[in-house]
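Per-entry structural report
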Amino acid sequence: MTTYNPIDLLFGGMEKLSPGGNEHTRHVLRLLPTQQFRVIVDAGCGTGRQTMVLAQELSTLVNAVDAHEPFLTDLSGYAKSAGIDRFIQTHCLDMQQIPSVFPQIDLLWSEGAAYNIGFANALTTWAAAIAKNGFAVVSELSWLKEQIPVAVSDFFGSGYPDMKSIPQNLAIAEAAGYTLITTYILPKAAWIEGYYDVLEPRATALVSHPDSSVRNLAIETLKEIDTFNHSEDSYGYVFYVLQRT
Ligand SMILES: C[S@@+](CC[C@H](N)C(=O)[O-])C[C@H]1O[C@@H](n2cnc3c(N)ncnc32)[C@H](O)[C@@H]1O
């Protein structure tokens, strides 16, 4: 019997696996008060769009951590083609295990991935490994308004019931041992270009797939995109730019 990996079928070969673009990664990187870091970890790097930006901008080794080996294989290929493989080291590792492998991190970066282990848990876990006065830049889906359209609250009520507002996430960050440098909200276009505009036709093509797990992921993805189209700016991806105290 043929087995299918829904993630590879839907996302395979995609340059980015969450909203955001190189210009946004670069912009947020420049919000930090220094650009000199000894140990850099990109947690939940996926196929490494942002890893490549960090490596190119900083010309320093970036440790790219992800639990899904095929994404890391893609990243290694992209890094080699771009001639920056000496600046990227991949690690097939659970993000939860980062402190046991990297005990003194100067910059912990994580775009669109911390939610996998819970935002609060991720910040607390990684705080143990971030050097005093080191930095954490973590993006997290966040409520931006108090009035949420019903279809949106229904979707996230089952899809991401833990989603919090910016003030709630700032309180979580402070309790986990960080001070806030700034926040940055990804513009709406960054969700569409190279992400939803690639994902939507892929998902549409997979809704009649013979494997139910592939069909379900495709249907859920189309629901997510429809929710985004009716969001009325009630939620967004927020970068929390933090310093370890
Ligand atoms: C939505 S993707 C974001 C990838 C990338 N940062 C980007 O923005 O394109 C989330 C990533 O987290 C990874 N991931 C999920 N749970 C993980 C875990 N416990 N440890 C390490 N990586 C994990 C997934 O394999 C996936 O690559």
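- An unreviewed UniProt entry lists the protein chain under the name Class I SAM-dependent methyltransferase, with Chamaesiphon polymorphus CCALA 037 as the source organism.

**Quick look at the side chain of Glu140**
- With respect to the secondary-structure elements, Glu140 resides in strand S5 (residues 130–143).
- Comment: no salt bridge for buried Glu140; closest opposite-charge side chain is Lys164, at 7.5 Å.
- In terms of polar contacts, Glu140 uses its side chain to reach the side chain of Tyr160, at 2.5 Å.
- In this view, Glu140 contacts Tyr115, Phe119, Tyr160, Asn169, Gly236, Tyr237, Val238 and Tyr240; residues no more than four positions away in its chain are not counted.

**A look at unusual backbone geometry**
- Unlike most non-glycine residues, Asn133 shows phi in positive territory, near 70°.
- The residue Asn133 is located in strand S5 in this model.
- Note on Asn133: relative accessible area 44%, which makes it partly exposed.
- Here Glu232, not a glycine, exhibits a phi torsion of approximately 50°, which is positive.
- Along the chain, Glu232 falls in the loop between helix H10 (212–229) and strand S8 (235–244).

**Side note on the packing of helix H6 (residues 119–127) against helix H8 (residues 166–175)**
- Between H6 and H8, whose axes approach to 9 Å, the crossing angle comes to 25°. The angle between H6 and H8 places the two elements in the roughly parallel class. Our pair here, H6 against H8, has a crossing hand that is right-handed. Of H8, the residues touching H6 (which contributes Phe119, Ala120 and Leu123) are Asn169, Ile172 and Ala173.

**Observations regarding the nonpolar core**
- One finds Leu32, Leu107, Trp109, Phe156 and Tyr235 to be the most contacted residues of the largest nonpolar core, which totals 49 residues.
- Here this core gets seven residues from one element, more than from any other, and that element is helix H9 (residues 189–206).
- Apart from residues no more than four positions distant in its own chain, Phe156 is found in contact with Leu141, Trp143, Pro161, Met163, Thr227 and Tyr235.
- Counting 28 residues, the second largest nonpolar core, distinct from the first, contains Ala43, Met95, Ile105 and Tyr240.

Cut-off values and rules
Residues numbered from 1 in each chain as written. Predicted model: local features only at pLDDT ≥ 70, side-chain atom pairs only at ≥ 80, totals over all residues. Heavy atoms only, no water. Helix = DSSP H or I, 4+ residues; strand = E, 2+ residues; numbered from the N terminus. Buried < 20%, exposed > 50% of the residue type's maximum accessible area, 1.4 Å probe, protein only. Lys, Arg positive; Asp, Glu negative; His and termini not counted. Salt bridge = Lys/Arg side-chain N within 4 Å of Asp/Glu carboxyl O. Polar contact = N/O pair within 3.5 Å; in protein donor to acceptor, adjacent residues only side chain to side chain. Contact = heavy atoms within 4.5 Å. Axes fitted to C-alpha atoms, helices over the stretch in contact; angles between N-to-C directions. Parallel < 35°, antiparallel > 145°, perpendicular 65-115°, else oblique. Left-handed = near helix turned anticlockwise from the far one by under 90°. Core = buried A, V, L, I, M, F, W, Y, C linked by side-chain atoms within 4.5 Å.

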